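Descriptive structure summary
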Amino acid sequence: MHDSIAALVGREGWRAEGDAARVHYDGGGGDRFAVEFYADAERVIYWTVPVADGDGPEATDAATATATAAPVPRDDIPDPLRRRIREDLAAADVDPSVERRQV
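Moving on, we come to the pattern of salt bridges. Scanning all chains against the criterion turns up 9 salt bridges. The residue Asp 88 makes a salt bridge to Arg 11 at a minimum N-O spacing of 3.0 Å. Here Arg 11 lies in the loop between helix H1 (3-9) and strand E1 (15-17) and Asp 88 lies in helix H3 (residues 79-91), a separation of 77 residues in the sequence. Given the relative accessible area of 4%, Asp 88 is considered buried. We note a salt bridge from Glu 99 to Arg 86, for which the minimum N-O separation is 3.0 Å. On the criterion of sequence distance, the pair formed by Glu 99 in the segment after H3 and Arg 86 in helix H3 is long-range, its members being 13 residues apart. There is no split in this pair, since Glu 99 and Arg 86 are both buried. Here the salt bridges share partners, and the residues they tie into one network are Arg 15, Glu 17, Arg 22 and Glu 36.

This is the structure in structure tokens:
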């Protein structure tokens, strides 16, 4: 596992998935995002995450079984989320400017 992935996993909500780390973020108003950091490419990708009716992880699991996540343009992501991702990257000793890199 990459050191940067291991360090992100130590931050709130992050989990490792191979050479990537992922965190989910509830943007309020029904918006839910998955954020992925790819260590080899040093890129961050934002995804919308379908939400089912109801609460809890079971609702999210049910939604993802029937709907598809979709990439979201960086400019459409709420500033507080982008700021949090840059802070988490910096805390994991990753240059926070990678959050701004285009795919």
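Bridge analysis of strand E2 (residues 20-28) against strand E3 (residues 31-38) gives 8 bridges, and the strand direction is antiparallel. Its bridge partner being in E3, Ala 21 is matched across the sheet by Phe 37. Connecting the antiparallel pair E2 and E3 is a turn made up of 2 residues, with Gly 29 showing a positive phi of about 65°. Sheet analysis places E3 next to strand E4 (residues 43-48), joined by 6 bridges and oriented antiparallel. Counterpart to Val 35 in the pairing with E4 is Tyr 46.

In this section: the nonpolar core. Core analysis: the biggest nonpolar cluster contains 20 residues, and Trp 14, Val 35, Phe 37, Tyr 46, Leu 81, Ile 85 and Leu 89 have the highest contact counts within it. Taken together, the elements giving at least two residues each to this core come down to H1, E2, E3, E4 and H3. Those residues within four positions of Val 35 in sequence are excluded, and the remaining contacts are Trp 14, Ala 21, Arg 22, Val 23, Val 44, Ile 45, Tyr 46, Leu 81 and Ile 85.

The rules we used
Think of each chain on its own: its residues are numbered from 1, step by step along the sequence as written. For a predicted model such as this one, the threshold for reporting local features is a pLDDT of at least 70, and the threshold for listing and counting side-chain atom pairs is 80 or more; totals across whole chains, interfaces and linings nevertheless cover every residue. Derived side-chain values reflect all non-hydrogen atoms in the structure, with water molecules and hydrogen atoms excluded from consideration. Salt bridge, as applied in this entry: a Lys or Arg side-chain nitrogen positioned within 4 Å of an Asp or Glu carboxyl oxygen. Strands are runs of DSSP state E lasting at least 2 residues, helices are runs of H or I lasting at least 4, and numbering of each runs from the N terminus. A simple rule labels every residue: compare its accessible area, found with a 1.4 Å probe on the protein chains alone, to the largest value its type can have, and call it buried under 20%, exposed over 50%, or partly exposed in between. Two strands pair if DSSP finds at least two bridges between them. Only buried residues count toward a nonpolar core. Its members are Ala, Val, Leu, Ile, Met, Phe, Trp, Tyr and Cys residues joined through side-chain atoms within 4.5 Å. Between two residues, a contact is recorded if the distance between any of their heavy atoms is within 4.5 Å.

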